[in-house]
Amino acid sequence: MDDTDRKLWAAVDGYVVEKLLASDPPLDWVIEASLEAGLPQINVAPNQGKLLHLLVRLMGARRILEIGTLGGYSTIWMAQALPEDGRLLSLEVAPRHAQVARANIERAGVQERAEVRIGAALETLTKLVEDGEAPFDLVFIDADKENIREYFEGALKLSRPGTLIIVDNVVRNGAVIDASSQDSGVAGVRRFNQLLEALAREKRVTATTIQTVGSKGYDGLTLAVVAGS
Ligand code: SAH
Ligand code: DHB
Ligand code: MG
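What this report covers is the structure whose coordinates are included nearby. Counting restarts for each chain: residues are numbered from 1 in the order of the written sequence. Key to labels: chains lettered from A, ligands numbered from 1, both in the order written. Local features in a predicted model are, by the rule used here, given only for residues with pLDDT of at least 70; side-chain atom pairs are given and counted only at 80 or more, and totals for whole chains, interfaces and linings are based on all residues. Side-chain metrics in this entry use all non-hydrogen atoms of the structure; hydrogen atoms and water are not considered.

### Points about the pairing of strand β2 (residues 87-92)
The buried fraction of β2 amounts to five of the six residues, a majority that puts the element mostly inside the structure. One ladder, built from five bridges, connects strand β1 (residues 63-67) with β2; its direction is parallel. Pairing of L65 across the sheet is with L89, part of β2. Crossover handedness is defined here as right-handed if the route from the first strand over the helix to the second strand goes clockwise, with the strands pointing away from the viewer. Numbering of helices and strands runs from the N terminus; a helix is a DSSP stretch of H or I covering at least four residues, while a strand is a stretch of E covering at least two. In terms of handedness, the path from β1 via helix α4 (residues 73-79) over to β2 forms a crossover that is right-handed. When DSSP finds two or more bridges between two strands, those strands count as paired. Examined bridge by bridge, β2 and strand β3 (residues 114-118) share five bridges and lie parallel to one another. Here the term buried applies to any residue with accessible area under 20% of the maximum for its type, exposed to any over 50%, and partly exposed to those in between, with areas from a 1.4 Å probe on protein chains only.

Written out as C-alpha cells, the structure is:
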C-alpha cells in the first residue's frame, strides 16, 4: 500500500459518507470536539460508526458493552441505535478521555442511555462479572490491543447465546500474519486469534474477520456470535 492507495481509500470513504451518511444525525462535531481536547484521532471512521449503529439495530440490542471509549464517537453511534430504555456501558482507563466522552454524550442527548465507567478494563470487567451483571446483547472491543484476548474472555462471561462480539483493529496493516512481529498490539491480536480458533473449533462461537480499508487506513474487524449453551 503506497500513498496513492491510501488517498484512494480515503476518497472513496469521503464519497460514501457524502452519499449515505448525509441524512444521519451529524456526529462530525464529536470528532472535532475530541480533537480540540487533544485526544488521538483513533475513533472508528464515520461509515464504520454507522456499521456499528446498524449492527445494534439488526441485533435488536438493548444492552451494549463497549471497551475503549475515547471521546465517545463509537459510543454515540451505538447509543443512538438503542431503544429508549436501552443501556450502553463504556469502559475507559483515561479519566481525561472519559471526561471528554461524557461531555460529548451529554451534548448528543444520549446521557440517559450511555454511561462511561473509568478504570482499567481488565479490572472493571472482573468486577462486572463478580457483581453478576446481566448479559449484554452486543460487545464492542476497542481498547488496548495487548489485552484483546482477555477482553474477549471477559465479554464471553458477560454474554448470552446469540450475543454479538465485535473486535476492532485485528488486521493492523496486514501485520497480523507476521508471527515475528515486535509490535505488542500485533502480538495481542495473534494471541486473541489463538483463542478464537479454539473457541470456533469447539463451536462456542461462530466468527469471521473482515479486512477494511478507508480513511482510517488498512485494518479489520472480527465479528463473533456466541453459541447456545
Ligand atoms: N471506541 C472509540 C475509540 C477507542 S480508542 C471510538 O471508536 O470512538 C481506545 C481507547 O481505549 C482509548 O481511549 C484508551 O484510553 C482506552 N484504553 C486503553 N487501554 C485501556 C484499558 N486498559 N482499559 C480501558 N480503556 C483503555
Ligand atoms: C489505535 C487504536 C484503535 O482503536 C484504532 O482504531 C486505531 C489505532 C492505536 O492505538 O493506535
Ligand atoms: Mg479501534
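### Describing the site of ligand 1
Looking at ligand 1, there are 21 residues lining it, with S74, E92, H97, A121 and D142 nearest. Here A121 contributes a backbone N or O atom positioned 2.9 Å from a nitrogen atom of ligand 1. Two N or O atoms form a polar contact when they lie within 3.5 Å of each other; inside protein one atom must be a possible hydrogen donor and the other a possible acceptor, and for residues adjacent in sequence the pair counts only when both atoms belong to side chains. D142 places a side-chain nitrogen or oxygen 2.8 Å from a nitrogen atom of ligand 1. The method behind every accessible area is Shrake-Rupley, applied with a 1.4 Å probe, and residues are considered shielded solely by the protein chains displayed. Burial of ligand 1 by the protein amounts to 89% of the accessible area it has alone, namely 580 Å². A majority-of-atoms criterion places ligand 1 in the largest pocket. Residues were grouped as follows: Ala, Val, Leu, Ile, Met, Phe, Trp, Tyr, Cys and Pro as nonpolar; Asp, Glu, Lys and Arg as charged; and all remaining residues, including Gly, as polar. Of the residues belonging to the shell around ligand 1, the class tally is eleven nonpolar, six polar and four charged. We define proximity as follows: a residue is near a molecule or strand when any one of its heavy atoms falls within 4 Å of that partner. The rule is simple: put a 1 Å grid over the protein atoms alone, call a set of points where a 1.4 Å probe fits but cannot get out a cavity, call an open set with protein on both sides within 12 Å along at least five of seven lines a pocket, and count a residue as lining if it has an atom within 4 Å of a point. Occupancy of a cavity or pocket is assigned to a molecule whenever over half of its atoms lie within 2 Å of that pocket's grid points.

### A short note on the layout of surface pockets
Within this model, the largest pocket holds a volume of roughly 860 Å³. Together, 49 residues line the largest pocket, and I42, N43, D142, D168 and N169 are the ones closest to its centre. Broken down by secondary-structure element, the contributors of at least two residues to the lining of the largest pocket are α2 (28-36), α3 (46-59), α4, β2, β6 (205-214) and β7 (217-226). Residue contributions to the lining of the largest pocket peak at five residues, all from β7. The residue inventory of the lining of the largest pocket, partitioned by class, reads 23 nonpolar, 17 polar and nine charged. Grid points are joined across faces, edges and corners, and a volume is the space filled by probe spheres set on the points.

### Details of the packing of α2 against helix α5 (residues 95-108)
Lines are fitted to the C-alpha atoms to define the axes, a helix being fitted only along its stretch in contact, and any angle between axes, read from their N-to-C directions, falls within 0 to 180 degrees. Two elements in contact, α2 and α5, have axes whose closest approach is 10 Å; the angle formed by their N-to-C orientations is 155 degrees. In terms of orientation, α2 and α5 fall into the roughly antiparallel class. By crossing handedness, the relation of α2 to α5 is classed as right-handed. Residue-level inspection shows W29, V30, A33 and S34 of α2 in contact with α5, the latter providing V100, N104, R107 and A108. For the contact of α2 with α5, a count of residues per class yields five nonpolar, two polar and one charged. Angle categories: roughly parallel below 35 degrees, roughly antiparallel above 145, roughly perpendicular from 65 to 115, and oblique for all the rest. Crossing handedness is defined as follows: a turn of the near helix away from the far one that is anticlockwise and smaller than a right angle gives a left-handed crossing, while the clockwise case is right-handed. Residues are treated as being in contact if the distance between any of their heavy atoms lies within 4.5 Å.

### Digging into the environment of I64
Summarising the element assignment, I64 is placed in strand β1. Classification of I64 as buried rests on a relative accessible area of 0%. In this view, I64 contacts V56, M78, L82, R87, L88, L89, F136 and L138; residues no more than four positions away in its chain are not counted.

### Observations regarding the site of ligand 2
Within the structure, ligand 2 sits among I42, D142, K145, D168, N169 and R172. Within the side chain of D168, a nitrogen or oxygen atom sits 3.2 Å from an oxygen atom of ligand 2. In this structure, an oxygen atom belonging to ligand 2 sits 2.7 Å away from a side-chain N or O atom of N169. Across the complex, the protein chains shield 63% of the 290 Å² of accessible surface that ligand 2 would expose by itself.

### Digging into the coordination of the magnesium ion (ligand 3)
For Na, K and Ca the donor cut-off is 3.2 Å, and for all other metals it is 2.8 Å, counting N, O and S atoms only; because water is absent from this set, sites may look incomplete. In this structure, D142 (OD), D168 (OD) and N169 (OD1) serve as the protein donors to the magnesium ion (ligand 3), at separations of 2.0 to 2.2 Å. Counting gaps between the donor residues of the magnesium ion (ligand 3) yields the pattern D-x25-D-N. Highlighted residues: D142 in the loop between β4 (136-141) and α7 (148-157) and N169 in the loop between β5 (159-168) and α8 (184-201), separated in sequence by 27 residues. Exposure remark for D142: the relative accessible area of 13% places this residue in the buried category.

### Here we look at the packing of aromatic side chains
Aromatic pairing here means that ring centres of Phe, Tyr or Trp (its six-membered ring) are within 6.5 Å. Orientation follows from the plane angle: under 30 degrees is stacked, over 60 is edge-to-face, and everything else is tilted. Per the stated rule, a full pass over the model turns up two aromatic pairs. Here the aromatic rings of W9 and Y218 are separated by 6.4 Å at their centres, their planes lie at 65 degrees, and the arrangement is edge-to-face. Within this pair, whereas W9 is found in helix α1 (residues 3-20), its partner Y218 is found in strand β7, the two being separated by 209 residues in sequence. Like W9, the residue Y218 is buried in the burial classification. Between F152 and F192, the aromatic rings sit 5.2 Å apart at their centres with planes inclined by 50 degrees, giving tilted as the arrangement. Taken together, the residues F152 in helix α7 and F192 in helix α8 connect sequence positions 40 residues apart. Residue classification places F192 among the buried residues on the basis of a relative accessible area of 0%. Whether a charge sits over a ring comes down to the Lys NZ or Arg CZ being within 6 Å of the ring centre and within 35 degrees of the ring normal. Taking NZ or CZ as reference, R63 lies 4.5 Å from the ring centre of F136, over its face.

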